[in-house]
Amino acid sequence: MESASSPKEDFRDHLSTADKDGRRQWLFPRKPHGPYFRARTYLSWLLLAVMFAGPFVRIHGNPLLLLNFVERKFIILGQIFWPQDMIISAVTLLIFFTGIIVFTAAFGRLWCGWTCPQTVLMEMVFRKIEYWIEGDSTEQRALAKAPWSGAKIFKKLSKHALFFGLSFIVGNTLLAYIIGTEQLYNIVTDNPANHAQGLVFMLLFTLIFYAIFARFREQACTFICPYGRFMSALLDENTVVVAYDYKRGEKRGSLKRSENVEQRRATGAGDCVNCFACVSVCPTGIDIRNGTQMECVHCTACIDACDNVMAKINRPRGLIRYASLNGIERGEPLRVTPRLMGYCILLLGLIGLWMVLVFTRSEVETTLLRAPGALFQQTADGRFSNLYTVKVVNKTSHEVPIQLKLENSNGELQIMGEAIVVAPEKLAQNSILIMLDKSALKSGTTPVVVGVYSHGKRVQTIKTSFIGPRDDTAK
Ligand code: SF4
Ligand code: SF4
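Please read these numbers as outputs of a predicted model, since none were measured by experiment.

**Thoughts on the packing of helix α2 (residues 86-107) against helix α16 (residues 338-360)**
For step 1, the next point in the chain: Their axes nearest at 9 Å, the elements α2 and α16 cross at an angle of 155°. It follows from the interaxial angle that α2 and α16 lie roughly antiparallel. Note that α2 runs across α16; the crossing there is left-handed. Residues I87, I88, V91, T92, L94, I95, T98, G99, I101, V102, A105 and A106 of α2 lie in contact with α16, whose contacting residues are R339, L340, Y343, C344, L346, L347, L350, I351, L353, W354, L357 and V358.
For step 2, the next point in the chain: For the contact of α2 with α16, the residue count by class is 20 nonpolar, three polar and one charged.

Below is the structure:
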């Protein structure tokens, strides 16, 4: 979506945050003001509350979200997922990736500008602290150039101390999402010698977040984040993006005091007065008038900035706005394309499948395998027996008593040893003996069905086979 009359056609040849020798150019974006920024601020309060409270929120005693990759234990919305829930995990991943595709194809990088934790923390927390301590863009530039003085040292030290403290909180929150609040509490309150690994991760996460928010900043979005990189493959001419209406804006030129709108129009000038307000607020340092760029995180700061300018010069707002290429070039309304419709149907199908899998999955996962090396035995009363090993995984956070019942007639199931009671989130193993009457046997192997019960309710049904004698041996 590039302006045909864009005066700077070489913008794709270099990074907006590097000089011609490749050195980092530090950005001092101006503080945005306007309805979009206000809406993002309110949304950020909600998101920050959810983000920081998330590890402490419990649903049926389980955290809202826990992603323990080390122990391969995952809890989403209070539901525990085990490695045994492979299909659910695979469908969850498919939903995640399809969701990204659908969302990006329809709304570009809306996620980045409004809800990505990196943008929310950077623009709504760390950047605001910077404005509070060092002032707006102009004061920040002046402070950066100023020689070191007591006031400058005080400002820089205060800012970085606050940044470090906040990074510690953010790092610990991430750790709580990985290991859980109980383990995090143990690390903090117990003898440090017992938690060297946990403390190392705590420090590591703090340093990583401090480096990101104090130094790395927009580079995380423009260099590291893969989302921005594959975005270009997902956008089409109907995708809604933050866009400059070059038809209305060009030919750009500064507004002369003596000129009114009609006189300006008569000279062939567009509505863009080349004030660079949109560029000065951009946290990634780009000029949106050059068209859609990978660095644009759709933060809407340039929309607010330009709308403020339009209001001052009595021109309609929306020179920069949410729009599609077709909307700007041909004035077409936003529409749902067949491609997007296909993605949506696929996504809805996957969500439906996920819900069926989650709501019909059992609280326990039982496997029944014949004991290795054991064949059948004949008992004193003439029946035949097979020995099995039963393993029961308890996926809940409470104790689950298990009863096993042979559903075949003419047979019996005996649990060897104590009754099976599976501790929360643990696995229990036991041996069982299945005995069948001679009359129930088929030659060779006989299918058997074992019901797994808890509190009198069948929670799983297992089909397995019973080895018996061949016809000639049995008779
Ligand atoms: S803020 Fe609007 S008027 Fe000013 S340079 Fe940007 S697009 Fe042009
Ligand atoms: S171009 Fe506009 S929407 Fe994109 S990052 Fe810059 S200020 Fe945000």
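**Concerning the nonpolar core**
For step 1, the next point in the chain: Counting residues in hydrophobic clusters, the biggest one holds 31 residues, and the most contacted among them are V242, Y244, I288, C302, M310, L319 and I320.
For step 2, the next point in the chain: No other element matches helix α14 (residues 301-312), which puts seven residues into this core.
For step 3, the next point in the chain: Contact partners of I320, with chain neighbours within four places excluded, come to V242, A243, Y244, C278, I288, C302, I303, C306 and D307.
For step 4, the next point in the chain: Formed by 23 residues, the second largest nonpolar core is a distinct cluster that contains A428, I432, I434 and V450.

**So, the pattern of salt bridges**
When their charged atoms lie close together, side chains carrying opposite charge are able to pair.
For step 1, the next point in the chain: Counted under the stated rule, the structure contains 16 salt bridges.
For step 2, the next point in the chain: As a salt-bridge pair, D245 and R321 come within 3.0 Å of each other at their nearest N and O atoms. Taken together, the positions of D245 in the loop between β6 (241-244) and α11 (246-249) and R321 in strand β7 (residues 320-323) put the pair 76 residues apart, joining distant regions of the chain.
For step 3, the next point in the chain: Its relative accessible area of 25% is what places R321 among the partly exposed residues.
For step 4, the next point in the chain: The partner of R248 in a salt bridge is D271, and the shortest N-O contact between them spans 2.7 Å. With R248 in helix α11 and D271 in the loop between α12 (261-266) and α13 (277-280), this residue pair connects regions lying 23 residues apart in the sequence. D271 shares its class with R248; the two are buried.
For step 5, the next point in the chain: Through salt bridges with shared partners, one network takes in E130, E134, K156, K159 and R217.

**Details of the sheet that holds strand β3 (residues 65-68)**
By definition, the strands of a sheet pair up through backbone hydrogen bonds, in either a parallel or an antiparallel sense.
For step 1, the next point in the chain: Read across the open sheet, the three strands follow the order β3-β4-β5; overall the sheet is antiparallel. Each edge of the open sheet carries a strand with a single partner, namely β3 and β5 (79-81). Strand-to-strand twist of the sheet, defined as the mean angle between neighbouring strand axes without regard to direction, takes the value 25°.
For step 2, the next point in the chain: By the bridge criterion, four bridges tie β3 to strand β4 (residues 73-76) in an arrangement that is antiparallel. Paired with L67 across the two strands is F74, which belongs to β4.

**A closer look at the site of ligand 1**
For step 1, the next point in the chain: C272, C275, F276, C278 and C306 are the nearest of the 13 residues found near ligand 1.
For step 2, the next point in the chain: Of all the elements in the fold, those that place two or more residues in the shell around ligand 1 are α13 and α14.
For step 3, the next point in the chain: Residue composition of the shell around ligand 1, by class: eleven nonpolar, one polar and one charged.

**Looking at helix α8 (residues 196-216)**
For step 1, the next point in the chain: Look at α8: 28 Å from first C-alpha to last across 21 residues, which is about the 30 Å you get at 1.5 Å a residue.
For step 2, the next point in the chain: Within the sequence span of α8, burial applies to G198, M202, F205, T206, F209, I212, F213 and A214.
For step 3, the next point in the chain: In the core, the buried residues of α8 are packed alongside α4 (117-134), α6 (150-179) and α7 (181-189).
For step 4, the next point in the chain: A positive phi of about 45° marks R217, the residue just after α8.

**As for unusual backbone geometry**
For step 1, the next point in the chain: Following E250, the chain continues to K251 via a peptide bond in cis, the omega torsion being 5°.
For step 2, the next point in the chain: Here K251 is to be found in the loop between α11 and α12.
For step 3, the next point in the chain: Of note in this structure, R217 is not a glycine but carries a positive phi near 45°.
For step 4, the next point in the chain: With respect to the secondary-structure elements, R217 resides in the loop between α8 and α9 (218-224).
For step 5, the next point in the chain: Taking the relative accessible area as the measure of exposure, R217 reaches 1% and is therefore buried.
For step 6, the next point in the chain: With a phi angle near 60°, N410 is a residue other than glycine that sits in the positive phi range.

**A look at the confidence of the model for the protein chain**
For step 1, the next point in the chain: When the pLDDT values of the protein chain are averaged, the result is 88; 96% of them are 70 or greater.
For step 2, the next point in the chain: Confidence, read as mean pLDDT per element, is least for helix α17 (residues 471-474) in the protein chain (54) and greatest for α4 (97).

**Quick look at the pairing of β3**
For step 1, the next point in the chain: Here β3 shows one buried face, formed by L66 and N68, and one open face, formed by L65 and L67.
For step 2, the next point in the chain: Once β3 ends, the chain turns through four residues before running back antiparallel as β4, passing R72 with a positive phi of about 50°.

**A few points about the environment of A161**
For step 1, the next point in the chain: With respect to the helices and strands, A161 occurs in helix α6.
For step 2, the next point in the chain: Taking the relative accessible area as the measure of exposure, A161 reaches 52% and is therefore exposed.
For step 3, the next point in the chain: It is 26 Å that separates the C-alpha atoms of A161 and I178, two residues lying 17 residues apart in sequence.

**What about the packing of aromatic side chains?**
For step 1, the next point in the chain: According to the stated counting rule, one finds twelve aromatic pairs in the structure shown.
For step 2, the next point in the chain: Relative to F163, the ring of F126 has its centre 5.0 Å away and its plane inclined at 70°; by these criteria the two rings are edge-to-face. A residue pair is termed long-range when its members are at least 10 positions apart, and F126 in helix α4 and F163 in helix α6 qualify at 37 residues. Taken as a pair, F126 and F163 share a single burial class, namely buried.
For step 3, the next point in the chain: Here a set of aromatic residues connected by ring pairs shows up, and it is made of F126, F163, F209 and F213.
For step 4, the next point in the chain: It is K152 that lies over the ring of W148; its NZ or CZ is 4.5 Å from the centre.
For step 5, the next point in the chain: Over the aromatic face of F276 sits the side chain of R289, whose NZ or CZ is 4.7 Å from the ring centroid.

About the thresholds
- Residues numbered from 1 in each chain as written.
- Chains lettered and ligands numbered in written order.
- Predicted model: local features only at pLDDT ≥ 70, side-chain atom pairs only at ≥ 80, totals over all residues.
- Heavy atoms only, no water.
- Axes fitted to C-alpha atoms, helices over the stretch in contact; angles between N-to-C directions.
- Helix = DSSP H or I, 4+ residues; strand = E, 2+ residues; numbered from the N terminus.
- Parallel < 35°, antiparallel > 145°, perpendicular 65-115°, else oblique.
- Left-handed = near helix turned anticlockwise from the far one by under 90°.
- Contact = heavy atoms within 4.5 Å.
- Nonpolar A, V, L, I, M, F, W, Y, C, P; charged D, E, K, R; others polar.
- Core = buried A, V, L, I, M, F, W, Y, C linked by side-chain atoms within 4.5 Å.
- Buried < 20%, exposed > 50% of the residue type's maximum accessible area, 1.4 Å probe, protein only.
- Salt bridge = Lys/Arg side-chain N within 4 Å of Asp/Glu carboxyl O.
- Pairing = 2+ DSSP bridges.
- Near = heavy atom within 4 Å.
- Expected span 1.5 Å × (residues − 1).
- pLDDT = per-residue confidence, 0-100.
- Phe/Tyr/Trp six-rings, centres within 6.5 Å; stacked < 30°, edge-to-face > 60°.
- Lys NZ or Arg CZ within 6 Å of the ring centre and 35° of its normal.

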